[in-house]
Amino acid sequence: MAKYDWKITIKINILILKLVGLWPQEDESYRFNLYTFYSIISINIFINAHNFFQTMNIFFVYSDLEALTATIFVTLTDVLASVKAFYFTQNMKILKKLMINLNSEIFQPKSDRQLILITPGLNSWKAIYAAFWAPVATTLFLWAIFPILDGSVKQQRLPFSAWYPYNSKISPLYEITYMYQVISIWFLATANLNMDTLIAALMMYIGTQCDILCDDLRNLRDCIGSEFNRKLVQCIQHYKTIVKFAKNCNKFFNMVVLGQFFTSTASLGLAMFQLTL
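Residues numbered from 1 in each chain as written. Predicted model: local features only at pLDDT ≥ 70, side-chain atom pairs only at ≥ 80, totals over all residues. Heavy atoms only, no water.

(A) Structural detail: the side chain of Gln114. Within the element layout of this structure, Gln114 appears in helix 5 (residues 112-149). Under the relative-accessibility criterion, Gln114 is labelled buried at 2%. A distance of 2.8 Å separates a polar side-chain atom of Gln114 from the backbone nitrogen of Lys110. A polar contact is formed between the side chain of Gln114 and the side chain of Asp215, at a distance of 2.9 Å. Those residues in contact with Gln114, other than ones at most four positions away along the chain, are Pro109, Ile212, Asp215 and Asp216. (Helix = DSSP H or I, 4+ residues; strand = E, 2+ residues; numbered from the N terminus. Buried < 20%, exposed > 50% of the residue type's maximum accessible area, 1.4 Å probe, protein only. Polar contact = N/O pair within 3.5 Å; in protein donor to acceptor, adjacent residues only side chain to side chain. Contact = heavy atoms within 4.5 Å.)

If you want it as structure tokens, here you go:
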């Protein structure tokens, strides 16, 4: 059968990561080229700078407990995106190597039956990806228009509390800053979402490879003699390759998952504290 391209399932994920500067061309890592320059500019302007201005605002509202809690709640999640982007780019060589290994011969489905067998796993990831996008897009849209909905735009209120080295309440600086915040939060959330779903995709790929291996082991009962020995050796090699692939996946996203766990726990605590206020 024709060679199956595993990256087809996550092509939209890869395309969006490429747009936000987190996916170098082909199977390459970051090099001294135009795309790397674009990545540095976009990530620093729309993620790191946005987080810096929000973090600085903490020093101006620390005396107001309610405002401080609300600021930390949003800033903590945004800062995590910077941490994720850092580790994502730092481990890009590992990720690209994983993509190359994924399309190697040993990971290929060996029949149409196996292709049908792995389809539910691939479709489940697509469903999860779409399910993640729906609440994220809704939240971002409401964040962007909230000052307009509650009328606070007349008092030059921004979607997010932040400090800027200029008076952001005068026109046209207010309008420019408003648009900057909207673009930044969309950029940040899009990068964050697609990094998370790519990690889920790697886990899904490990699961589908286990399905293929199990099917190969079940089919050993129909083999005899030297054919049995040959296919058994192939299964052992496949198993070892899956384990190695899984270990490399852990190297790629272990710090990202740890940061997500810490931030989610802190956000839940801050949310409960806000409820008490």
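(B) Here's a closer look at the nonpolar core. One finds Trp6, Leu22, Phe88, Leu95 and Leu202 to be the most contacted residues of the largest nonpolar core, which totals 45 residues. Those elements that provide at least two residues to this core are helix 1 (11-19), helix 2 (34-61), helix 3 (65-90), helix 4 (92-102), helix 5, helix 6 (173-218) and helix 7 (225-276). Of all the elements, helix 6 adds the most residues to this core, at 13 residues. Each residue touching Trp6, except ones within four places of it in the same chain, is listed here: Leu102, Asn103, Phe107, Gln108, Pro109, Ile118, Leu122, Tyr205, Thr208, Gln209 and Ile212. By size, the runner-up hydrophobic cluster in this structure holds nine residues, among which are Ala144, Leu158, Tyr180 and Val182. (Core = buried A, V, L, I, M, F, W, Y, C linked by side-chain atoms within 4.5 Å.)

(C) Inspection of unusual backbone geometry at higher detail. The step from Ser171 to Pro172 runs through a cis peptide bond, and the omega angle for that step is 5 degrees. Take Pro172: it is sitting in the loop between helix 5 and helix 6. Unlike most non-glycine residues, Gln156 shows phi in positive territory, near 60 degrees. Mapped onto the elements of the fold, Gln156 is located in the loop between helix 5 and helix 6. The partly exposed category is assigned to Gln156, whose relative accessible area is 29%.

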